[in-house]
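A look at the structure
For reference, the chains in residue letters:
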Amino acid sequence: MDSTRCRAGCRRAGLASLLVVAGACGGSASGDDIGARSLGDGRDRVASDRSQQPGLPAFRHPPLSAAAFLRHQSALAHDSMQGRGTGQEGGERAARYIARAYAAAGLASGKAGAGYRQRVPLRGNRVRVETLRAALIAGDGRRLALDAAQLSVRSVHAGARVALEAPLVFAAHGISSSVRDDYAGTDARGAIVVALPGAPAELARRLPGAGGAYELSDAGKVAAARRHEARGLLFLSAPGSEEQFESGRRAAMGREDLHPGWRPPPGVDLVLGLGPRGTAELLALAGLSWDDVAAGADAAADLRLALRLETRTREFHAPNLVGVVEGRLDETIVVTAHYDAYGIGPPDASGDSIYNGAADNASGTAALLELARALVARPEPPSRTVVFVATTAEEEGMLGARYWLDEPWGATGPIRLNLNADGVGFRPPTNDFVAFPVAGTDALSALSALAAPLGMTHATQPWHEGMHFAFDTAEFLARGIVGLTVWQGQDVRPEHRSPGGGSGSPIHSPADEMPTTPSEDGISQHLELYWRILTHYADGAPVPAFSEGHPFDAIAGALGGDERPRP
């Protein structure tokens, strides 16, 4: 049966029917045979004939199948991709793979004449550790040099050379929220704020998201320091945390710190960490113990920090990959998945230094590619235009998503929803699902109805409601657009409760590699859940709205949303 007759005769159906349709329409499912599709709007189409687009192994399988997903995931997480570092050769290889898949699927390009690659201007700073010099200065003139091995410089906005002397001000745990404000009565303007790690347990219990609440995270504390016009933020370390500090210091000092290259970055100039030994020396200079400070004593009274360092700075571009399925309405749904990982970094105990990022987020990128392929293969176009954006630099501060929202290639009319794929197919089939966020939106009833035919009910833990700031969705939420990431839950079905299976692995480490025993049933379940959600909203269903008093203003402040027009 040829593909024209198949498209004319096949009816809109769910995932199971779509797989049958794709199998019957052999040309529609194969990267070798797909031709460029005309969407009728004058946008550039990217040809995918055999001479330009060699077939991808994933396209030998039906759309949205676990087999196709695993082909994409294993290609993107292969050692040859070198961890898909932003602005690195591995990241470029991944971008080329995604562009080939877009073309083979028949997606329209995001912008006339530009193909799929949206060049994101970035600035990378890397601290030259050998130049780092720091000292604490007491009010009576005593001066204490700090060992560079006890300092972690995790963020530098100040340019190639930093030379400062600034007062220290103590702000307890550095938390600023409606429940607790550690800045009350403190003037942090132009100062380096000193903060304790973590948060009091009693406070965590009172915030949405509990211990995972945004305000308690390092990012939330940096945002609070920015709002209070601080020059920098210095985190102290608790006694006994030497190994934890050193691990974080090596990772931070071994990577570039990326910032927007198209606008001044919102944020403080410096984010520093002081190791346990350095913290003890600071407290000794102040005449205090750790117990004193934990009980509320001012750890920064009459102290100043002198700091000098140099950075290596480079300006470069890394691409978002933007493809479009045109709808009938002037409204847009955006599907995102970040394709970057951490590249090549500090080796683990086995000597492995490639941060493959199989679960985070080759899996989400594989899901995005298959959702796009399936949507193009449907007989009818969606009601709303669907823009697929494989984002760069998510792991470095969601910079690719931020740039796309500043330059929304492919969008027609207002952006109604962001559906984000980040961490797909972790587990065998489950009886439950999780969505980030649920609190603050009215999305739960629709999501529950869409998941019910799959035998999945919503489950939540307190920490779930603090997860929304960890994904590209944060950039959409900050601009008044509901963004959702959906996971399988933890209640694995009894018949699948055997050792092994699933794709979960320690993320942000060299251990995040392809699983030896992936659960194809679990992958299929998760893909079908995403497919049901995407087609529900793409085909015109009312989109989720924010609840009154929704809790996302903190994200807007952190990401500079207060400085940007909202759609």
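1. Side note on the pairing of strand E10 (residues 270-274)
Buried residues dominate E10, accounting for 5 of its 5 residues. Of the two faces of E10, the one carrying Leu270, Leu272 and Leu274 and the one carrying Val271 and Gly273 are both buried. As paired elements, strand E8 (residues 232-235) and E10 share 4 bridges and run parallel to each other. Its bridge partner being in E10, Leu234 is matched across the sheet by Leu272.

2. Topic: the pattern of salt bridges
Per the stated rule, a full pass over the model turns up 24 salt bridges. Here Arg142 and Asp140 are joined by a salt bridge, their closest N and O atoms 3.0 Å apart. Its salt-bridge partner being Glu246, residue Arg249 comes within 3.1 Å of it at the nearest N-O pair. Taken together, the positions of Arg249 and Glu246, both in helix H8 (residues 242-253) and 3 residues apart, correspond to about one turn of that helix. Because the salt bridges share partners, they merge into one network encompassing Glu89, Glu92, Arg93, Arg96 and Arg117.

3. Some details on the side chain of Asn125
Within the fold, Asn125 resides in strand E2 (residues 117-127). The exposure class of Asn125 is buried, given its relative accessible area of 5%. A distance of 2.7 Å separates a polar atom in the side chain of Asn125 from a polar atom in the side chain of Thr313.

4. Things to note about helix H4 (residues 66-76)
Here H4 has its buried residues at Ala66, Ala68, Phe69, Leu70, His72, Gln73 and Leu76. Buried residues along H4 sit against helix H5 (89-105), helix H11 (358-377) and helix H15 (520-538).

5. A look at the nonpolar core
Tyr102, Leu321, Phe388 and Leu534 are the most contacted members of the largest nonpolar core, which totals 69 residues. Among the elements that line this core, the one with the most residues is H11, at 11 residues. Not counting chain neighbours up to four residues away, the residues in contact with Phe388 comprise Tyr102, Leu107, Leu321, Val322, Gly323, Val325, Val335, Leu368, Leu371, Ala372, Leu375 and Leu534.

6. A word on the confidence of the model for the protein
Interpretation of this model should avoid reading the predicted coordinates in detail wherever pLDDT is low. This prediction gives the protein a mean pLDDT of 84; 83% of its residues lie at or above 70. Looking at the elements of the protein, mean pLDDT is at its lowest for helix H1 (residues 3-9), recorded as 29, and at its highest for strand E13 (residues 384-391), recorded as 98. This stretch, residues 560-567, has a pLDDT under 50; its non-local contacts, to residues over four places away or in other chains, come to 20 contacts.

7. So, the pairing of strand E11 (residues 303-325)
Strand direction decides the pairing type here: strand E1 (residues 108-109) and E11, joined by 2 bridges, are antiparallel. Following the sheet pairing, Ser109 is matched in E11 by Gly323. Sheet topology places strand E3 (residues 133-138) next to E11; 6 bridges connect them, and they run antiparallel. Its bridge partner being in E11, Ile137 is matched across the sheet by Arg304.

8. Observations regarding the packing of aromatic side chains
On inspection of all chains with the given rule, the structure shows 7 aromatic pairs. When the ring of Trp262 is compared with that of Tyr403, the centres are 4.8 Å apart and the planes differ by 80°; the resulting orientation is edge-to-face. On the criterion of sequence distance, the pair formed by Trp262 in the loop between strand E9 (257-260) and E10 and Tyr403 in helix H12 (residues 399-406) is long-range, its members being 141 residues apart. With relative accessibility at 23%, the residue Trp262 sits in the partly exposed group. Ring-pair connections join several aromatic residues into one group, and the members of that group are Phe426, Phe436, Phe471 and Trp487. One Lys or Arg, Arg314, reaches over the ring of Phe316 and ends 3.9 Å from the middle of that ring. One Lys or Arg, Arg373, reaches over the ring of Phe59 and ends 4.4 Å from the middle of that ring.

What counts and how
Residues numbered from 1 in each chain as written. Predicted model: local features only at pLDDT ≥ 70, side-chain atom pairs only at ≥ 80, totals over all residues. Heavy atoms only, no water. Buried < 20%, exposed > 50% of the residue type's maximum accessible area, 1.4 Å probe, protein only. Helix = DSSP H or I, 4+ residues; strand = E, 2+ residues; numbered from the N terminus. Pairing = 2+ DSSP bridges. Salt bridge = Lys/Arg side-chain N within 4 Å of Asp/Glu carboxyl O. Polar contact = N/O pair within 3.5 Å; in protein donor to acceptor, adjacent residues only side chain to side chain. Contact = heavy atoms within 4.5 Å. Core = buried A, V, L, I, M, F, W, Y, C linked by side-chain atoms within 4.5 Å. pLDDT = per-residue confidence, 0-100. Phe/Tyr/Trp six-rings, centres within 6.5 Å; stacked < 30°, edge-to-face > 60°. Lys NZ or Arg CZ within 6 Å of the ring centre and 35° of its normal.

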